[in-house]
Amino acid sequence: MADALLQTERLTRRFGGVTAADAVALTVAPKEVHAIIGPNGAGKTTLIGLLSGEIVPQEGSIRFDDTEIADLPVHRRSQLGLARSFQITSLFRDFTVLDNVALAVQAHRGHSFRFWRDARHEQALRAPALSALERVGLHDRAATRVDRLSHGEQRQLEIAMALASGPRLLLLDEPMAGMGPDESARMVHLLRTLKGSVTILLIEHDMEAVFALADRLSVLVYGRIIASGAPEAIRSDPAVRQAYLGEKDGGARGRQDG
Amino acid sequence: MSVSLDPPLATVRQSAVTARTVFTAGLVVVLALVPVYALATGETFGVALFTRTVILAIGAVSLNLIMGYGGMVSFGHAAYLGIGGYAVGILAKEGIGSGFVQWPAAVAASALYALVVGALSLRTRGVYFIMITLAFAQMIYYVAIGLDRYGGDDGLTIYKRSDFAGLIDLNNKIVFYYLCFAILLASIFVIARQVNSRFGLALRGTRSNERRMRAIGFPTFRYKLVAFVISGALCGLAGALLANHTSFISPAIMHWTRSGDLIVMVVLGGLGSLFGPVIGAVIFLLLQEGLSRVTEYPDLILGPILLLVAIYVHGGIGGLLEGRRRG
């Protein structure tokens, strides 16, 4: 697919005897919501690490909009427009909500070797940060310290920080992690409002959320992508049913959906 | 939930009139009046003690930039005092007495050393970083011992203070004290601007969560390195002042315990607060001086005091004055 936004080929990473990513071939088209599902230990976290640059692949390539990024460090990938959220909330806890997002904006507004002007009074940083907060519905918490936010709000802030840089691809690592049903529903709603404006690669355990959001799914089992396609096609794929949906936890919820 | 009215903590706290603000202001006034008191009473020993205190406070302020705001615990900061001091001493011995040469040389040599040490050590973190900075400082310490031409272990007497072509006379103890005091205030002012600038936020974000900083697109290494070099350069200037103050320079100036003292001053005053290092330096050096008059083993009393502050008072003495910061 020449018009893919993100394309990996033969992407491989072994840890000792375990092949956490086994010749992964993944294609994400512009503006789609592409979900990766798979049982625990399937290599989802490794895949996120490979794509974001925290893990170096032993083989294979990652093309992001015609740029080969497999050898680029994390911050360079971010500069190219690849933003990620973290499964375990990763914020600047002693900063305010607005400071967190403004820092994400700052990273994409030239270098930070500016030593004199008060960055907290720079409209060029504050305004885009506030609008990112509005998109996720956190603007009325802008002046609050991050460690005073509820868990759900911190997850929203994760998304706002990823959005703040105006990314072309959002890499969302289990955005619903640790959320109750209400918070989950709100997050699904939030992600739905982003649909169509930014490409999203979503890694998520919550099958209900996945089937509610995804345009396409890829199923990862033992580091390999065993199927890729539209949600209905995946649900009826016999290999997928056997390898993944047949399992205890995910299986029960998967069948419920289907 | 309503909008929280808490002020953003990350803004450098100077707003409310707290016990801390009053104490800090009082301390600055006292420091400003030290020579006046000395002139009035004829008790000049105080000026020497406070000159030394102010100079080491500059060193602590420089360490606070990387340790308090950048999360980098340098256990080799005394090396910069030594490099700055030896720059003055060596140039003086070689007949170059001009402060316009000596001081820039002290700053440049320290910055260069910081660049090398930083480039190698900042790829590690935690205890490894601490050990590498210590190892480099030890290396410089032994290099100084090996400088036979410049006194080796015994050190080097500096017969003439840096000469500023009649612009300012460092031989006048009062003038010299105010020069050091002005440099201290100027460095605090510059750092106050820095820590709220883009650079400062990048540095503090890195201290808070370096992994996230990289993920949002910051090349964190180069910001840490620049902070490390700024800190080293400023401490090198303190070294040049110290050499002028004592008219003597020896390897002892960069003994590893001195690096420890600087860390203690910063922690004692409260990490990551602008005047904290000054509070820490004053309390530490006055306690040391006072205790050494009443006992032969001042550290025996000083040690437990520091331990208690470290364990029980979050934010150092400054934090204590604030009513022991929440959390």
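Residues numbered from 1 in each chain as written. Chains lettered and ligands numbered in written order. Predicted model: local features only at pLDDT ≥ 70, side-chain atom pairs only at ≥ 80, totals over all residues.

Bringing the overall build of chain B into the picture now. A tally of helices and strands in chain B yields 13 helices and two strands. Against the compact-globule benchmark of 20 Å for 327 residues, chain B has a radius of gyration of 20 Å, which places it among compact chains. Considering only C-alpha atoms, chain B reaches an extent of 70 × 45 × 40 Å along its principal axes. Going through the 327 residues of chain B one by one, you find that 49% of them count as buried. In chain B, the proportion of contacts linking residues at least 24 apart, taken out of those at least 6 apart, comes to 75%. (Helix = DSSP H or I, 4+ residues; strand = E, 2+ residues; numbered from the N terminus. Rg over C-alpha atoms; globule rule 2.2 N^0.38 Å. Buried ≥ 20, exposed ≤ 12 C-beta atoms within 10 Å, placed from the backbone. Contact = placed C-beta atoms within 7 Å.)

A separate point is the interface of chain B and chain A. Tallying the contact residues gives 28 residues for chain B and 36 residues for chain A. Within the residue set of the side of chain B that touches chain A, elements represented by two or more residues are α6 (173-196), α7 (198-208), α8 (210-215) and α9 (220-246) of chain B. The element best represented in the side of chain B that touches chain A is α7 of chain B, accounting for six residues. Looking at side-chain class alone, the side of chain B that touches chain A contains 13 nonpolar, nine polar and six charged residues. (Nonpolar A, V, L, I, M, F, W, Y, C, P; charged D, E, K, R; others polar.)

With that settled, the discussion passes to α7 of chain B. In terms of burial, α7 of chain B is largely enclosed, as 11 of its 11 residues are buried. Among all positions in α7 of chain B, only Arg198, Phe199, Gly200, Leu201, Ala202, Leu203, Arg204, Gly205, Thr206, Arg207 and Ser208 of chain B are buried. Those residues of α7 of chain B that are buried lie in contact with α3 (97-106) of chain A together with α6, α8 and α9 of chain B.

Residue and element names in this part refer to chain A. Taken domain by domain, chain A comprises domain 1 (1-81 + 168-258) and domain 2 (92-166). Centre-to-centre, using C-alpha coordinates, domain 1 lies 26 Å away from domain 2. For the side of domain 1 that touches domain 2, the secondary structure elements donating two or more residues are α2 (74-80) and α6 (181-194). A total of four residues in the side of domain 1 that touches domain 2 trace back to one element, the largest contributor, which is α6. The residue inventory of the side of domain 1 that touches domain 2, partitioned by class, reads five nonpolar, three polar and two charged. (Domains from an automatic or database assignment.)

Let us now look at the confidence of the model for chain B. Residue and element names in this part refer to chain B. In the predicted model, chain B carries a mean pLDDT of 90, and the fraction of residues at 70 or more is 93%. The low-confidence segment residues 1-14 (pLDDT under 50) makes 24 contacts with residues lying over four places distant or belonging to another chain. This complex was scored by the predictor with a pTM of 0.90 and an ipTM of 0.90. (pLDDT = per-residue confidence, 0-100.)

Residue and element names in this part refer to chain A. Reading across from one edge, β6-β7-β8-β3-β9-β10 is the order of the six strands in this open sheet, with mixed pairing throughout. Each edge of the open sheet is held by one strand with a lone partner, namely β6 (82-85) and β10 (224-229). Pairwise comparison of adjacent strand axes, ignoring direction, gives a mean angle of 20° for this sheet. Running at roughly 150° to strand β7 (residues 169-173), helix α1 (residues 44-52) makes contact with β3 (33-37), β6, β7, β8 (199-203) and β9 (216-221) of the sheet. (Pairing = 2+ DSSP bridges. Axes fitted to C-alpha atoms, helices over the stretch in contact; angles between N-to-C directions.)

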